[in-house]
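Structure assessment
Residue-level listing of the chains:
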Amino acid sequence: MQAELRRFTEVDFGNAGSRTHDYGQTARQAVERARARVARVAGVRRNEVVFTSGATESNNLAILGLESHGRAARRRHLVSTTIEHHAVLEPLRVMAARGFDLTLVDPEPGGWVDADRVAGAVRRDTLLVSVMQVNNETGIQQPIAEIADRLAGSPAFLHVDAAQGFGKALAALRHPRVDLISASGHKLCGPKGAGALVVRRRDGQRLPLTPLLHGGGQELGLRPGTLPVALIAALGRAAELALDEHDARLAAARAFHDRLLAGLAPLAPRVHGDPDRRLPYIVNLSIPGCDRETLIEAWAGLAAISDGAACTSQSYTCSHVLAAMGLSPAEEAGAVRFSWCHLSELPDLEAMTGALAAGAVSGAPRSS
């Protein structure tokens, strides 16, 4: 993989939009090879993949890009859930501020939304249903295939924020009723700053998306600008490896998950979310008697943990996901998030338990 990327940073530096010289043609070939690799993960055609800077941009394009069509078709209703990433919730709220109706479905206590409740929220004028594949804070998989099945008779588009599941959980994204899929490269061991939006054709027709940016005809006219060839090539290779190594990676992640929880068992952790629905790359837990700052300080240098989504962990606000699942403010105050990949090394669990059990730090919750 390093040799392949070196070509596009040191030698093949051409613009993929240039068709009049070898440098541009080589760059274009690399982009199209990557597009085919990403398409294989979702089970779509190559011309149904649009490269972006990541899932945040893809989410915005999928949601805000339907505004014009929604107005023209008199379909101004949106359905989503209260546990979505802010990269979905915020563009949905922008749409609501522009006159669209927004219905947000609450999850079950186990952290997953009921497919019947989502389908029940759909109206005749529903434009879009947006449900994440895997929750970024809890790792709980949402019933995407079941939701897709229930939308069979509706014209509403189905968007899936697959940032946490793309290349890790394959079957749901290949459902033919899933119209839009957002992905980020760094979530499948690819580069930061590269991602994709899968725009699956319906009955052979392109979806009526309009671009958020203007100034070029790249990426089906939906995402203008000179393509970052090295990043896209790396994303494509990461997608290929994620698919080829899927079973082995999943087994390694599951082993890490099981060993992590077994090692922390002396602390009697409470794990948040239905264990039968959890993809074994994320776990959200709390330790009785400890708030999150206590845990973060006690485990500094032993494990890299966060108090929620990395995008919002610096704000120290309560998790909207855990609140929607029904956790009390006290339970939320002690919740921390672990995430890993198939290459992650298990931390020193004995030292982690010892840092709390031996009284190395105070385990009393703080008044703040």
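Conventions and cut-offs
Residues numbered from 1 in each chain as written. Predicted model: local features only at pLDDT ≥ 70, side-chain atom pairs only at ≥ 80, totals over all residues. Heavy atoms only, no water. Salt bridge = Lys/Arg side-chain N within 4 Å of Asp/Glu carboxyl O. Helix = DSSP H or I, 4+ residues; strand = E, 2+ residues; numbered from the N terminus. Buried < 20%, exposed > 50% of the residue type's maximum accessible area, 1.4 Å probe, protein only. Pairing = 2+ DSSP bridges. Axes fitted to C-alpha atoms, helices over the stretch in contact; angles between N-to-C directions. Contact = heavy atoms within 4.5 Å. Core = buried A, V, L, I, M, F, W, Y, C linked by side-chain atoms within 4.5 Å.

A word on the pattern of salt bridges. Counting across every chain of the model gives 20 salt bridges. Taking the shortest distance from any N to any O, the salt bridge between glutamate 219 and arginine 35 comes out at 2.8 Å. Highlighted residues: glutamate 219 in the loop between β7 (195-199) and α8 (229-244) and arginine 35 in helix α2 (residues 22-42), separated in sequence by 184 residues. Assessed through its relative accessible area of 6%, glutamate 219 is described here as buried. Exposure remark for arginine 35: the relative accessible area of 7% places this residue in the buried category. Residues arginine 123 and aspartate 101 are paired through a salt bridge, measuring 3.1 Å at the closest nitrogen-oxygen approach. Residue arginine 123 is found in the loop between α6 (115-120) and β4 (126-130), and its partner aspartate 101 is found in strand β3 (residues 101-105); the two are separated by 22 residues along the sequence. Among the residues examined, arginine 123 registers a relative accessible area of 35% and is labelled partly exposed. Counted as one network, the salt bridges with shared partners bring together Arg28, Glu32, Arg35, Arg46 and Glu219.

This part is about unusual backbone geometry. Despite not being glycine, cysteine 189 shows a phi value in the positive range, around 65°. Along the chain, the position of cysteine 189 falls in the loop between β6 (180-184) and β7. Cysteine 189 sits in the partly exposed class, given a relative accessible area of 37%. Positive phi outside glycine occurs at glutamate 219, with the angle close to 50°.

Let's shift gears to the sheet that holds strand β1 (residues 49-52). Read across the sheet, seven strands follow the order β1-β7-β6-β5-β4-β2-β3 without closing on themselves; strand pairing throughout is mixed. A strand with exactly one partner marks an edge of an open sheet, and here the two such strands are β1 and β3. Between one strand axis and the next, the sheet turns by 20° as a mean value, whatever way the strands run. Helix α5 (residues 86-97) contacts β2 (77-81), β3, β4 and β5 (157-161) of the sheet and is inclined by roughly 155° relative to β2.

Time to look at the environment of glutamate 57. Tracing the backbone through its elements, the reader meets glutamate 57 in helix α3 (residues 55-64). When its relative accessible area of 19% is taken as the criterion, glutamate 57 is described as buried. Expressed as a C-alpha distance, the spacing of glutamate 57 and valine 88, which sit 31 residues apart in the sequence, is 9.9 Å. Aside from chain neighbours lying at most four places away, what touches glutamate 57 is Thr52 and Arg223.

Moving on, we get to the nonpolar core. By size, the foremost hydrophobic cluster in this structure holds 54 residues, and its most contacted members are Phe51, Val129 and Phe166. Element by element, the count of residues in this core is highest for α2, at eight residues. If we ignore the near neighbours within four places in the chain, the residues touching phenylalanine 51 are Val31, Ala34, Arg35, Val38, Gly195, Ala196, Glu219, Arg223, Ile232 and Leu235. Ranked by size, the runner-up nonpolar core spans 27 residues in total, among them Leu260, Leu285, Ile287 and Ala298.

This part is about the pairing of β3. Within a regular beta strand, the side chains point alternately toward one face of the sheet and then the other, so they alternate between its two faces. As defined by bridge partners, β2 adjoins β3 across five bridges and the pair is classed as parallel. Bridge pairing links serine 80 to leucine 104 in β3.

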